[in-house]
Amino acid sequence: MLARVADNLYWMSRYLERSDQTIRLLGVQVRSVTDNTSAQVAAGWTRLFRSLKVTPPGGDPLYSDQLEDSFLLADAYTLADFMSFEHDNPGSMVSLWGMSRENARQARQEITQEMWGQLNRTYLSLRDTQLHFFWNKEPENFYKETSAQIYLFRGVTDNGLRHGLAWDFIRLGRFMERIQVTTEILDNYRPALDDEDTDLDWSLLLRSCASFEPYCRHYTPEIDPWKVMTFLIHEPESPHTLRFAAEEIRNGLGRIDPAGGARHPLQAAHRIAGQLRALLVYGSQDREDLAGTLAEVRRLSRGLHDEIYRRYIFFPADQALPGR
């Protein structure tokens, strides 16, 4: 496979996964506007923008500790529109879907007609949609339906695409993005664990990570903040946890380069992926070590991305020559 094509597939999947994360965070947040207090709504918008590393319209006020309830409540529509349909915002839902579609267009020879059709139809539909069409009609349902289009694309991919290198790079991109964004979300919820006076609804965290029902089946419907945090980090069988993503990344690299790098050496990437998995499988689960664990996951995942790029996408020419 051409390195350029691998790059397109990798980013097609990363942008689509980031769009899914954005959609779920928005769905949870717009629902909380009517169900929660103004302080909870303000804190929710702050966590959303910080987790996605997007600067809100108007600049820095959302990052200030002195938040005016009236500002955020009055501006909920503007904030949701900015993160949903603002084409000038590269972190908006429609922009991310558009970038995923563009990468898919450049790799049409490696994906199926059904995959392209699903991406293209959904993007064109989103491009022509405006927030006021559904804002007064339970907007969270729109986000649920849009997220379902991503699950449909994944189903078409898993059942229609040959499970070779193209499929491996698509899955690698999905779980690389998932582990990085989920780490940021958890890190923005972490301070609330030590705040005894917080009235934070921890079920919102589970829902934003598509893990509410898996958590309830693993434990009970009674929400315990520390159990929520450890579940989303260390649970091995739920698809949206850090440990599950680390396992899939390591397995994916093994399929891409089972020999460990005879021609396109990925030894360093394999080593970092193993360190990431070991941290989440055997690392400390003590509360006082949580900040360090999340910081190390962030460091390793960023290093892994850089190493994959350096060794596979932008590798030196002599590395690809026979006998080298």
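Above this text is the structure in question.
Residues numbered from 1 in each chain as written. Predicted model: local features only at pLDDT ≥ 70, side-chain atom pairs only at ≥ 80, totals over all residues. Heavy atoms only, no water.

## A few points about the overall build of the chain
Scanning the chain from terminus to terminus reveals 14 helices and 0 strands. When the helices and strands of the chain are read in sequence order from the N terminus, they spell out α-α-α-α-α-α-α-α-α-α-α-α-α-α. Counted over contacts in the chain with a minimum sequence separation of 6, partners at least 24 positions apart contribute 69%. For the chain, the computed accessible surface area is about 15,000 Å², with 48% contributed by carbon and sulfur atoms. (Helix = DSSP H or I, 4+ residues; strand = E, 2+ residues; numbered from the N terminus. Contact = heavy atoms within 4.5 Å. Areas by Shrake-Rupley, 256 points an atom, 1.4 Å probe, with all protein chains shown as cover.)

## A look at the pattern of salt bridges
In the structure shown here, the tally under the stated rule is 20 salt bridges. The partner of aspartate 20 in a salt bridge is arginine 24, and the shortest N-O contact between them spans 3.5 Å. Here arginine 24 and aspartate 20 lie together in helix H1 (residues 3-35), a separation of 4 residues that amounts to about one turn. Across the pair, arginine 24 and aspartate 20 agree in class, each one buried. Glutamate 184 is the salt-bridge partner of arginine 298, the closest N and O atoms lying 2.8 Å from each other. (Salt bridge = Lys/Arg side-chain N within 4 Å of Asp/Glu carboxyl O. Buried < 20%, exposed > 50% of the residue type's maximum accessible area, 1.4 Å probe, protein only.)

## Looking at the packing of aromatic side chains
For any pair of aromatic rings, the description consists of the separation of the ring centres together with the inter-plane angle of the planes. One pass over the full model with this rule turns up 17 aromatic pairs. Each ring, one from phenylalanine 134 and one from phenylalanine 142, has its centre 4.0 Å from the other, and the planes form 15°; the classification is stacked. Taking NZ or CZ as reference, arginine 47 lies 4.5 Å from the ring centre of tyrosine 189, over its face. One residue, arginine 207, lies across the ring of phenylalanine 212, its end atom 3.9 Å from the ring centre. (Phe/Tyr/Trp six-rings, centres within 6.5 Å; stacked < 30°, edge-to-face > 60°. Lys NZ or Arg CZ within 6 Å of the ring centre and 35° of its normal.)

## Considering the environment of isoleucine 23
Its place among the elements puts isoleucine 23 in helix H1. Once the C-alpha coordinates of isoleucine 23 and threonine 146 are considered, the two residues, 123 residues apart in sequence, prove to be 7.6 Å apart. Beyond its immediate chain neighbours, meaning those up to four positions away, isoleucine 23 contacts Met93, Trp97, Tyr143, Thr146, Ser147 and Ile150.

## Re the packing of H1 against helix H8 (residues 165-189)
Two elements in contact, H1 and H8, have axes separated by 7 Å at closest approach and are oriented at 40°. The handedness of the crossing between H1 and H8 is right-handed. Considered class by class, the residues forming the contact of H1 with H8 number 12 nonpolar, 5 polar and 6 charged. (Axes fitted to C-alpha atoms, helices over the stretch in contact; angles between N-to-C directions. Left-handed = near helix turned anticlockwise from the far one by under 90°. Nonpolar A, V, L, I, M, F, W, Y, C, P; charged D, E, K, R; others polar.)

## A closer look at the packing of helix H5 (residues 93-105) against helix H6 (residues 113-127)
The axes of two packed helices give the description: the angle between them and the distance between them. In the contact formed by H5 and H6, the axes pass within 10 Å of each other and the chain directions differ by 150°. Note on packing geometry: the crossing formed by H5 with H6 is left-handed. For the pair H5 and H6, contact is made by Met93, Val94, Trp97, Gly98, Ser100, Arg101, Ala104 and Arg105 and by Trp116, Leu119, Asn120, Thr122, Tyr123, Leu126 and Arg127, respectively. Its residues assigned to classes, the contact of H5 with H6 comprises 8 nonpolar, 4 polar and 3 charged.

## A short note on helix H7 (residues 139-160)
Taking 1.5 Å of rise per residue, 22 residues should cover 32 Å, and H7 covers 32 Å from first to last C-alpha, within 8% of that figure. Those residues of H7 lying buried are Pro139, Glu140, Phe142, Tyr143, Thr146, Ser147, Ile150, Phe153, Arg154 and Thr157. (Expected span 1.5 Å × (residues − 1).)

## Quick word on the side chain of serine 211
Following the sequence through the fold, serine 211 ends up in the loop between helix H9 (203-208) and helix H10 (212-218). Judged by relative accessible area, which is 0%, serine 211 ranks as buried.

## Describing the environment of tyrosine 312
Take tyrosine 312: it is sitting in helix H14 (residues 290-313). Sequence spacing of tyrosine 312 and alanine 6 is 306 residues, and the spatial spacing of their C-alpha atoms is 8.7 Å.

## Examining the environment of valine 41
Mapping valine 41 onto the fold places it in helix H2 (residues 38-52). For valine 41, a relative accessible area of 1% puts it in the buried group. Taking the C-alpha atoms as reference, valine 41 lies 8.8 Å from valine 30; in sequence the two are 11 residues apart.

## Description of unusual backbone geometry
Phi at lysine 53 takes a positive value of approximately 55°, unusual for a residue other than glycine. Mapped onto the elements, lysine 53 comes out in the loop between H2 and helix H3 (69-74).

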